[in-house]
Amino acid sequence: GGRVYLPGDADPRAAGENYPVLARYDLDEARRLADFLADKGVDTLVVSAHNAGLFLVVAVQGYTGEQFRSQQHLPFERRLRDLGRQWKIHNGNKGDDLSSLYWALYQPD
């Protein structure tokens, strides 16, 4: 399975790479999603969204700007969208299918 990095763990992301942000949830729900993805072999990071107790769930597979421009991220993105549909089914077809997934450049403070 994959690894889950929780708040307080060392951040595994590389500066200057782009990572997919899958969801913004409260901590319990963020951990549920991270555990679900880890079971499917995806490393995930749960990190504070700096917003009223919400947390971002980020897949820990980064792409450089060059890889991104040459669309090397698209197969992984398709896999994440498939997993998002499975996540919604897993939740009894309630809630989110991760279709709001977006890519963010990681620049540590």
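These numbers were taken from a predicted model, which means no experiment stands behind them.

J.: Would you mind going over the overall build of the protein with me for this structure?
T.: The secondary structure content of the protein amounts to three helices and five strands. When the helices and strands of the protein are listed from N to C terminus, the series reads β-β-α-β-β-α-α-β. Taken against the 2.2 N^0.38 rule, which gives 13 Å for 109 residues, the C-alpha radius of gyration of the protein at 13 Å falls within 12% of a compact globule. If one aligns the C-alpha atoms of the protein with their principal axes, the spans along those axes are about 40 × 30 × 25 Å. Taking the intrachain contacts of the protein between residues at least 6 apart in sequence as the baseline, contacts between residues at least 24 apart amount to 71%. Carbon and sulfur atoms make up 46% of the accessible area of the protein, which totals about 6,100 Å². Taken together, the 13 basic and 15 acidic charged side chains of the protein have centroids lying 5 Å from each other.

J.: What is the right way to look at the layout of surface pockets in this model?
T.: Gaps between atoms show up when a probe of the same size as a water molecule is rolled over them. Each pocket or cavity is described by its volume, and for the largest pocket that value is around 280 Å³. Taken together, the elements giving at least two residues each to the lining of the largest pocket come down to β2 (18-26), β3 (44-51), β4 (54-59) and β5 (102-105). Within the lining of the largest pocket, the residues separate by chemical class into 10 nonpolar, three polar and three charged.

J.: What is the right way to read the nonpolar core from this model?
T.: Side chains that are nonpolar tend, in soluble globular proteins, to be buried together. Of all hydrophobic cores here, the largest spans 21 residues; its most connected members are Leu33 and Leu37. If you tally residues by element for this core, the top one is helix α1 (residues 27-39), at five residues. Membership of the second largest hydrophobic core comes to nine residues, among which are Tyr19, Val21, Ala49 and Val58.

J.: For this particular structure, what's the right way to read the sheet that holds strand β1 (residues 4-5)?
T.: Consider a sheet: its strands pair through backbone hydrogen bonds, and that pairing is either parallel or antiparallel. An order of β1-β3-β4-β2-β5 is seen for the five strands of this open sheet, with the pairing classed as mixed. The sheet is open, and its two borders are formed by β1 and β5, each paired with just one other strand. Bridge analysis of β2 against β5 gives four bridges, and the strand direction is antiparallel. Within β5, the position partnered with asparagine 18 by the bridge is leucine 105. Contacting β1, β2, β3 and β4, α1 crosses the sheet at an angle of about 135° to β2.

J.: Just to check I follow, could you spell out unusual backbone geometry for this structure?
T.: Comment: phi is negative for the bulk of residues other than glycine, and the bulk of peptide bonds are trans. With a phi close to 65°, glutamine 71 is a non-glycine residue in the positive phi region. Here glutamine 71 is to be found in the loop between α2 (65-69) and α3 (74-90).

J.: I'm lost on the side chain of arginine 13 in this one. Help?
T.: The residue arginine 13 is located in the loop between β1 and β2 in this model. Residue class for arginine 13 comes out buried when judged on its relative accessible area of 18%. Within the structure, arginine 13 has its side chain in polar contact with the side chain of aspartate 11 (distance 2.7 Å). For arginine 13, the contacting residues outside a window of four places in its chain are Tyr19, Leu45, Val47, Val58 and Tyr106.

The rules we used
Residues numbered from 1 in each chain as written. Predicted model: local features only at pLDDT ≥ 70, side-chain atom pairs only at ≥ 80, totals over all residues. Heavy atoms only, no water. Helix = DSSP H or I, 4+ residues; strand = E, 2+ residues; numbered from the N terminus. Rg over C-alpha atoms; globule rule 2.2 N^0.38 Å. Contact = heavy atoms within 4.5 Å. Areas by Shrake-Rupley, 256 points an atom, 1.4 Å probe, with all protein chains shown as cover. Lys, Arg positive; Asp, Glu negative; His and termini not counted. Charge placed at Lys NZ, Arg CZ, Asp CG, Glu CD. 1 Å grid on protein atoms, 1.4 Å probe; cavity = no way out; pocket = protein on both sides within 12 Å on 5 of 7 lines; lining within 4 Å. Points joined across faces, edges and corners; volume = space filled by probe spheres on them. Nonpolar A, V, L, I, M, F, W, Y, C, P; charged D, E, K, R; others polar. Core = buried A, V, L, I, M, F, W, Y, C linked by side-chain atoms within 4.5 Å. Buried < 20%, exposed > 50% of the residue type's maximum accessible area, 1.4 Å probe, protein only. Pairing = 2+ DSSP bridges. Axes fitted to C-alpha atoms, helices over the stretch in contact; angles between N-to-C directions. Polar contact = N/O pair within 3.5 Å; in protein donor to acceptor, adjacent residues only side chain to side chain.

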